[in-house]
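Coordinate analysis (summary)
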Amino acid sequence: MALVTGGARGIGLEIARRLLFDGYRVAFVATRTEHVERALDILGRPKDRLYAEKIDVTQDNDVGGFVDRIRARWGEIAILVNNAGISPKRSDQDVSWLSQTSPEEWARVIDVNLTAPFVLIRLLAPTMIAEGYGRIINIGSLAGRAMPMIAGPHYAASKAGLVGLTRAAARDLAPHGITVNCIAPGRILSDLTGSPEAAVNRSALGRIPIGRFGTAEEVAHVAAFLASPIASFITGATIDITGGEFGA
Ligand code: NDP
């Protein structure tokens, strides 16, 4: 069984779709009921293979309860995809991000993007260890790998932190048949990044050697590979999916 956070939209929805296609049972969470319901409709509501709830990944008790419920339903979780993420926007790109980022906004971004993946890995690792098998995939970002051209300091720091968390967890869990990897997408069109016509995207396009934005499906293909048993000698890695962009 696979657990995908933020599976109601964008990249997470495509990962859920792809893992279902590959034959896994999939459970996902997202924050808004209407998004959860819409995603369940899109995925065809296969009752015996798909389950979702409105859960905020930063609410540890709610996450723990959800994990208990899906384990009771389907047994152990073999695949964890830490995909849920937020990226606050600034309408004026010329204004300094540092001066505009409050400590409260900083804390929220770190909580969702970095602390929640840590908590979930910690929660699921013991049973993966007992089973002798697991696949953990963290969705990072180019913004955590290179000079962040659009995102704020909290987002860049959270995604850079995921690279470190991936390596540390990979080292701990490698002897137990569990791999931990990170995917670092560049600009992928989704609700988080907006429409291709937006000014910020027009300037982003010029930095991508392949000359277009990525799709959520392209990220999902890589996630599905890393989630599969054949990706058995890849751990602690961060795979860039950026159309050739590596930033300044
Ligand atoms: P979207 O904004 O399209 O979707 C994000 C999903 O995460 C939504 O389903 C949302 O729930 C859910 N979510 C957000 N906060 C929480 C929370 N606290 N608890 C539970 N679920 C939550 O994002 P993308 O698909 O674009 O991005 C997915 C991941 O990929 C993120 O980690 C992002 O940082 C990363 N990424 C995206 C890039 C891009 O270009 N799109 C580039 C690089 C990285 P709801 O639907 O209810 O709002």
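First, a word on scope: everything that follows refers to the structure included in this document. Nothing here was measured: the structure is a model prediction, and the numbers come from that model.

1. Overview of the packing of aromatic side chains
Considering all chains together, one arrives at 1 aromatic pair under this definition. When the ring of Y51 is compared with that of F66, the centres are 6.0 Å apart and the planes differ by 15°; the resulting orientation is stacked. Of this pair, Y51 sits in strand β3 (residues 50–54) while F66 sits in helix α3 (residues 60–74); the two residues are 15 residues apart in sequence, bridging distant segments of the chain. The ring of W74 carries the charged tip of R73 above its face, separated from the ring centre by 5.9 Å.

2. Quick look at the sheet that holds β3
Consider a sheet: its strands pair through backbone hydrogen bonds, and that pairing is either parallel or antiparallel. Taken in spatial order, the 7 strands make up an open sheet running β3-β2-β1-β4-β5-β6-β7, and their pairing is parallel. Two strands lie at the open edges of the sheet, namely β3 and β7 (238–241), each paired on one side alone. Strand-to-strand twist of the sheet, defined as the mean angle between neighbouring strand axes without regard to direction, takes the value 15°. The strands touched by helix α2 (residues 33–42) within the sheet are β2 (26–30) and β3, with β3 carrying the most contacts at an inclination of about 165°. Sheet strands in contact with helix α8 (residues 216–227) are β4 (79–82), β5 (134–139), β6 (178–185) and β7, and its direction is about 170° off that of β6.

3. So, the packing of helix α5 (residues 103–131) against helix α6 (residues 153–173)
Direction vectors running N to C along α5 and α6 enclose 15°, while the axes themselves pass 9 Å from each other. On the basis of the axis angle, α5 is roughly parallel to α6. Crossing of α5 over α6 shows right-handed handedness. On α6, the residues that touch E105, W106, V109, I110, N113, L114, P117, F118, I121, A125 and I129 of α5 are P153, H154, Y155, A157, S158, K159, G161, L162, L165, A169 and L173. Looking at the contact of α5 with α6 residue by residue, the class counts come to 16 nonpolar, 4 polar and 2 charged.

4. As for α6
End to end, α6 covers 30 Å across 21 residues, agreeing with the expected 30 Å (1.5 Å per residue, within 8%). Burial in α6 covers these residues: H154, Y155, A156, S158, K159, L162, V163, L165, T166, A169, A170 and L173.

5. Concerning the nonpolar core
Of all hydrophobic cores here, the largest spans 32 residues; its most connected members are L3, F66, I70, L80, L124 and I136. Elements with a minimum of two residues in this core: β2, α3, α5, α6 and β6. The element that contributes the greatest number of residues to this core is α5, accounting for 9 residues. Apart from residues no more than four positions distant in its own chain, F66 is found in contact with L3, A27, F28, V29, Y51, A52, E53 and I55.

About the thresholds
- Residues numbered from 1 in each chain as written.
- Predicted model: local features only at pLDDT ≥ 70, side-chain atom pairs only at ≥ 80, totals over all residues.
- Heavy atoms only, no water.
- Phe/Tyr/Trp six-rings, centres within 6.5 Å; stacked < 30°, edge-to-face > 60°.
- Helix = DSSP H or I, 4+ residues; strand = E, 2+ residues; numbered from the N terminus.
- Lys NZ or Arg CZ within 6 Å of the ring centre and 35° of its normal.
- Pairing = 2+ DSSP bridges.
- Axes fitted to C-alpha atoms, helices over the stretch in contact; angles between N-to-C directions.
- Contact = heavy atoms within 4.5 Å.
- Parallel < 35°, antiparallel > 145°, perpendicular 65-115°, else oblique.
- Left-handed = near helix turned anticlockwise from the far one by under 90°.
- Nonpolar A, V, L, I, M, F, W, Y, C, P; charged D, E, K, R; others polar.
- Expected span 1.5 Å × (residues − 1).
- Buried < 20%, exposed > 50% of the residue type's maximum accessible area, 1.4 Å probe, protein only.
- Core = buried A, V, L, I, M, F, W, Y, C linked by side-chain atoms within 4.5 Å.

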